[in-house]
Amino acid sequence: MNLTTAVAELKGVGPVLAQKYTKLGISRLNDLLEYYPRRYEDYSVITSTNSLRPGPVTIKARVVSASGRYVRRGMHITEAIASDEHGSVRLVWFNQPYREKALKKQQIYFISGNYELGRGRFSIMNPSVELATDMPANVARILPVYRETKGLDSRQIRKDLLQVKDMICSIEEPLPKWVLSQYALLPLKQALLQIHFPETTRQLEEARLRLSFDEVFRLSLASQLNKQEVKQENAISIPFDEKLAQLFVKHLPFSLTDGQRISIWKIYQDIAKAQPMNRLIEGDVGSGKTVVAAMGAIMAISKNHQVALMAPTELLARQHATTLYTLLKPLGYDSTVTLLVGSMTTLQKKKARAAISSGKAGLIVGTQALIQDDIDMRSLALIIIDEQHRFGVEQRKTLMAKAGHMPHVLSLTATPIPRSLALTLYGELDITALKDKPAKRQPIITDIIFPGDKMKIYEEIERELSAGRQMFMVCPSIIDSDSLETISVETAYKELTEGFFKHRRIGLLHGKLKNEEKQSIMQKFLNKELDILVSTTVIEVGVDVPNATVMVVRSPERFGLAQLHQLRGRVGRGDHQGRCYLLIEKTDLPLSRLKALVSSNDGFKLAELDLELRGPGAIYGTAQHGALDLRIANLADVTLITKATSAAKAFISKKEDLSAYPILEKHIKKIMRVTNLN
Ligand code: ADP
Ligand code: MG
């Protein structure tokens, strides 16, 4: 037997159990070793029954009686009495009828649970129990609890791991020695032993630190290596033309914010180099990222190079094309702005393609299809990506193969990236934050609205609409589904058109509509031919409707904080005060998350909070890539992140050869493949 042996080969594990292991993602012994406990029951500190205090407790006591009965409405309750030499205590389980039979009377157990007041008396509620004879003699132990599946519980997993225990000492160390000593880490085999068989909480903490470090170190190293790889390629150097920059600024109807100035300066420094830029500008909605992008673009265009700007939707691409046309007009570069999107007519597309391949098109605006499409860019120097975090190395290389050089990449995003993710997952990007906003904009007023107050709010909204303003209503889904108790656009649209707002002009927008339909509805809303737009999150990013002042979000608990913050940024972009109503449909949900949105207008803070509460996958939708398959590391742990990223950077600066560490190399290659995909 070795670590690649199937679990089915273990003693006592037949095909049935093996099947259940597969359900947990475990097929080989090394999978079992990497199946870290979900939590632990601490039997290492035993309290006597006469000194119990409310909270989690563990006792060692004899079960003297146990009986179960059904109480009202089918609820079952099991009560038992456990005694030690100091006294006795009541144990209570709800809806676990098997407990009565399972408890062996007059046997001594370790009993672990919460000591609390229930039904008028203090009891240990829903405790877990372990027969003292099942525990190693005399040693109070910390027992790992694993994620279980029906028919395969932690007790079984612990038993099977015991058979693998001896193999752990043959596990090779994936990390360089200097990393272990510099960061005071346990060797991997020691950490695996201590995570599954801890004897003290200290051992447990050491093991956790080492295994978490591994996960973050790999993410960080993969991203640093991506950065390295890009740095080694050639890009077109675009020299800084001060006169041109000044001329551009002179024609703006406003003066730049400090944040805009700094970002633009950084971009100019980056693109003047013959190494590809990979910079991300993150700034809240309305912070003025488009102007920054335009100033980058104009430098390249003026030197007869091409710039491709890619937006996540056609709607946005069209809006960007219009904005950029206006911005570039005073300098005479407006004729180089070329839109290329799927919904254009064949003739329009043909003309656009011709302009692109002749080089007449300097600033090409479209969706991501721009680069997937077989378009012949004559001299693509810069790619600007709106609302996408990452543009993969592979994608750049595809372009490089065509152009002979790698384009500079400038990404723009309104979703702030918490520091920990910036260092790990997005470590290959140079990030600049646009923290200040154009001065006159007032923060949006946000309120949580309970179902009973809906009509009152609708009346307030009606006054806004009568004053000529417009409103967005955003819902989490297109159609109702039974499994999710949320309001769909379909339901909301019906409610408004047949109810309180039936005299209003209402449009319906969602992702299932054809592009031309979406286009025409959005255009109508922009032209003020509609008062209300009921929509899914397709309007989330970038769309600018200065006359819209009200944002109503239905079932807001279905959205992430960063997403809600972006949504409310859609309104109040003109001269009038913007308002956001979070219309909850059910009152029994915890409101603390939504309350953060009411009290804070800081997108960065909200993203940090979201990361803590819901994990990175929920914010960035990256979970499906598997790159974030973190089993033990917590990306909100700043100390851990700092250590692991500095180790990854040291690995690079020491010019370590990855192939000297084959196990590490395997992991890293896998992550790099994933994170390159975008
Ligand atoms: P976002 O960062 O969300 O992409 P935009 O680039 O769309 O923001 O800018 C939002 C609005 O703010 C636009 O109407 C733009 O003209 C305006 N704007 C940009 N920069 C400034 C500035 N420095 N002062 C005043 N208004 C500005
Ligand atoms: Mg924008």
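Residue numbers run consecutively from 1 along every chain, following the written order of its sequence. Note on labels: chains are lettered from A, ligands numbered from 1, in written order. Where local features are concerned, this predicted model is filtered to residues with pLDDT of at least 70; where side-chain atom pairs are given and counted, the filter is 80 or more; whole-chain, interface and lining totals use all residues. Note that water and hydrogens are dropped before the side-chain values are worked out from all heavy atoms of the structure.

Helix numbering and strand numbering both begin at the N terminus, where a helix is a DSSP run of H or I of at least 4 residues and a strand a DSSP run of E of at least 2. The number of helices and strands found in the protein is 23 helices and 20 strands. Seen through its principal axes, the protein has C-alpha atoms that stretch 90 × 65 × 45 Å. Exposure classes here rest on a 1.4 Å probe applied to the protein chains alone. A residue is buried below 20% of its type maximum, exposed above 50%, and partly exposed in between. Burial analysis of the protein (678 residues in total) assigns 53% to the buried set. Within the protein, contacts between residues separated by at least 24 positions form 73% of all contacts whose residues are at least 6 apart in sequence. Averaging the locations of the 92 positively and 73 negatively charged side chains of the protein gives two centres separated by 0 Å. Contacts are residue-level and defined by heavy atoms, with any inter-residue pair within 4.5 Å sufficient. The charge count treats Lys and Arg as positive and Asp and Glu as negative. His and the chain ends do not count. Just so you know, the charge point we use is NZ for Lys, CZ for Arg, CG for Asp and CD for Glu.

A word on the sheet that holds strand S18 (residues 532-535). Two modes of strand pairing occur in sheets, parallel and antiparallel, and in both the strands are linked by backbone hydrogen bonds. Pairing is parallel across the open sheet formed by six strands, whose spatial order is S15-S20-S19-S16-S18-S17. Every other strand in the sheet has two partners, leaving strand S15 (445-449) and strand S17 (506-509) as the edge strands with one partner each. Geometrically, the sheet is characterised by an average inter-axis angle of 20° between neighbouring strands, direction not taken into account. For two strands to count as paired, DSSP must find a minimum of two bridges between them. In this sheet, strand S20 (residues 579-583) lies alongside strand S19 (residues 548-554) in parallel orientation, the contact comprising five bridges. Bridged to Met551 within S20 is Cys580. On the sheet, helix H16 (residues 454-466) packs against S15, strand S16 (470-474), S18, S19 and S20 and is oriented at approximately 155° with respect to S19. Only the stretch in contact is used when a helix axis is fitted, and all axes are lines through C-alpha atoms; the angle between N-to-C directions ranges over 0 to 180 degrees.

Our next topic: the site of ligand 1. Throughout this document, a residue counts as near a molecule or strand when at least one of its heavy atoms sits within 4 Å of that molecule or strand. Of all residues adjacent to ligand 1, which total 16 residues, the nearest are Ser255, Gln260, Gly286, Lys289 and Thr290. Any pair of N or O atoms that falls within 3.5 Å is considered a polar contact. Within protein, one atom must be able to donate a hydrogen and the other to accept it, and sequence-neighbouring residues count only if both atoms are side-chain atoms. At a separation of 2.9 Å, a nitrogen atom of ligand 1 approaches a polar backbone atom of Ser255. In the model, an oxygen atom of ligand 1 is placed 3.4 Å from a nitrogen or oxygen of the Ser287 main chain.

It is worth spelling out the packing of aromatic side chains at this point. Aromatic rings from Phe, Tyr and Trp, taking only the six-membered ring of Trp, are treated as a pair when their centres fall within 6.5 Å; an angle between ring planes under 30 degrees marks them as stacked, one over 60 as edge-to-face, and anything in between as tilted. Across all of its chains, the model carries 12 aromatic pairs by this definition. An aromatic cluster of at least three residues, connected via ring pairs, comprises Tyr183, Phe213, Phe217, Phe651 and Tyr661. Positioned above the aromatic ring of Phe604 is the side chain of Lys435, whose terminal nitrogen or guanidinium carbon lies 4.2 Å from the ring centre. Charge-over-ring contacts are defined here by two conditions on Lys NZ or Arg CZ: a distance within 6 Å of the ring centre and an angle within 35 degrees of the ring normal. Geometry around Trp178 places Lys654 over its ring, the cationic atom sitting 4.4 Å from the centre.

One can find Gly342 in the loop between strand S10 (337-340) and helix H12 (346-358). For Gly342, a relative accessible area of 52% gives the class exposed. Taking the C-alpha atoms as reference, Gly342 lies 8.6 Å from Thr367; in sequence the two are 25 residues apart. Residue contacts for Gly342: discarding those within four places in its chain leaves Glu314 and Lys349.

Turning to the pattern of salt bridges, a few remarks are in order. Here, a salt bridge means any side-chain nitrogen of Lys or Arg that lies within 4 Å of a carboxyl oxygen of Asp or Glu. Inspection of every chain in the model, using the stated rule, returns 24 salt bridges. As a salt-bridge pair, Asp447 and Arg579 come within 4.0 Å of each other at their nearest N and O atoms. On the criterion of sequence distance, the pair formed by Asp447 in strand S15 and Arg579 in strand S20 is long-range, its members being 132 residues apart. With a relative accessible area of 30%, Asp447 lands in the partly exposed category. Put simply, Glu173, Arg210, Asp214 and Arg218 are held in one network by salt bridges that share partners.

Our focus in this paragraph is the packing of helix H19 (residues 561-568) against helix H20 (residues 592-599). In contact at an axis separation of 10 Å, H19 and H20 are set at 40° when each is read in the N-to-C sense. When the interaxial angle is binned, H19 and H20 end up oblique. You can see that H19 and H20 cross each other, and the crossing is right-handed. Touching Leu561, Leu564, His565 and Arg568 of H19 are Arg593, Leu594, Ala596 and Leu597, all from H20. Of the residues in the contact of H19 with H20, the class split is five nonpolar, one polar and two charged. Small angles under 35 degrees read as roughly parallel and large ones over 145 as roughly antiparallel, with 65 to 115 read as roughly perpendicular and the rest as oblique. Crossing handedness follows the turn of the near helix against the far one: under a right angle anticlockwise gives a left-handed crossing, and clockwise gives a right-handed one. Under the grouping applied here, Gly and all other residues not named as nonpolar or charged are polar, the nonpolar ones being Ala, Val, Leu, Ile, Met, Phe, Trp, Tyr, Cys and Pro and the charged ones Asp, Glu, Lys and Arg.

Here we have seven strands laid out as an open sheet, ordered S10-S11-S9-S12-S13-S8-S14, and parallel in their pairing. What marks the edges here is a single partner per strand, and that holds for S10 and strand S14 (430-434). Averaged over all neighbouring strand pairs, the angle between strand axes comes to 20°, with direction disregarded. Examined bridge by bridge, S10 and strand S11 (residues 363-367) share four bridges and lie parallel to one another. The partner of Leu339 across the bridge, within S11, is Val365.

What follows is about the packing of helix H6 (residues 188-196) against helix H7 (residues 201-231). Between H6 and H7, whose axes approach to 8 Å, the crossing angle comes to 125°. In terms of orientation, H6 lies oblique with respect to H7. Crossing geometry of H6 relative to H7 is assigned as left-handed. On the side of H6, the interface is formed by Leu188, Ala191, Leu192, Gln194 and Ile195, while H7 contributes Gln203, Leu204, Glu206, Ala207, Arg208, Arg210, Leu211 and Asp214. Counted by class, the contact of H6 with H7 contains seven nonpolar, two polar and four charged residues.

What follows is about the pairing of strand S9 (residues 306-311). The side chains of a regular strand alternate, residue by residue, between the two faces of the sheet. With six of six residues buried, S9 lies mostly within the body of the structure. Here S9 runs beside strand S12 (residues 380-386); their pairing, made up of five bridges, is parallel. Following the sheet pairing, Ala308 is matched in S12 by Ile383. Strand direction decides the pairing type here: S9 and S11, joined by five bridges, are parallel.

Okay, the side chain of Ser220 next. By secondary structure assignment, the location of Ser220 is in helix H7. Apart from the residues lying within four places of it in its own chain, the contact partners of Ser220 are Leu423, Thr424, Thr645 and Ala648.

Bringing unusual backbone geometry into the picture now. Here the phi dihedral of Asn95 falls at roughly 50°; this positive angle occurs in a residue that is not glycine. Secondary-structure assignment places Asn95 in the loop between strand S4 (87-94) and helix H3 (99-102). Owing to a relative accessible area of 48%, Asn95 belongs among the partly exposed residues under this scheme. The backbone phi angle of Gln106 is positive, close to 65°, even though this residue is not glycine. Its place among the elements puts Gln106 in the loop between H3 and strand S5 (108-118).

With eight bridges joining them, strand S2 (residues 55-70) and S5 adopt antiparallel strand pairing. Bridging from a neighbouring strand, Gly55 pairs with Tyr115 of S5. Of the strand pairs in this sheet, S2 and strand S3 (residues 76-84) are connected by eight bridges, and their pairing is antiparallel. Counted as the bridge partner of Gly68 is Thr78 from S3.

A word on the nonpolar core. We call a set of buried Ala, Val, Leu, Ile, Met, Phe, Trp, Tyr and Cys residues a nonpolar core when their side-chain atoms join them within 4.5 Å. Counting 61 residues, the largest nonpolar core has Phe248, Leu328, Leu363, Ile384 and Leu410 as its most contacted members. With 10 residues, helix H10 (residues 289-302) is the largest single contributor of residues to this core. The contact partners of Leu410, leaving out residues within four places of it in the chain, are Ile267, Met277, Arg279, Ile281, Ala293, Leu382, Ile383, Ile384 and Ile385. In terms of nonpolar packing, the next biggest core, distinct from the first, is built from 38 residues, Leu175, Trp178, Tyr426 and Leu429 among them.

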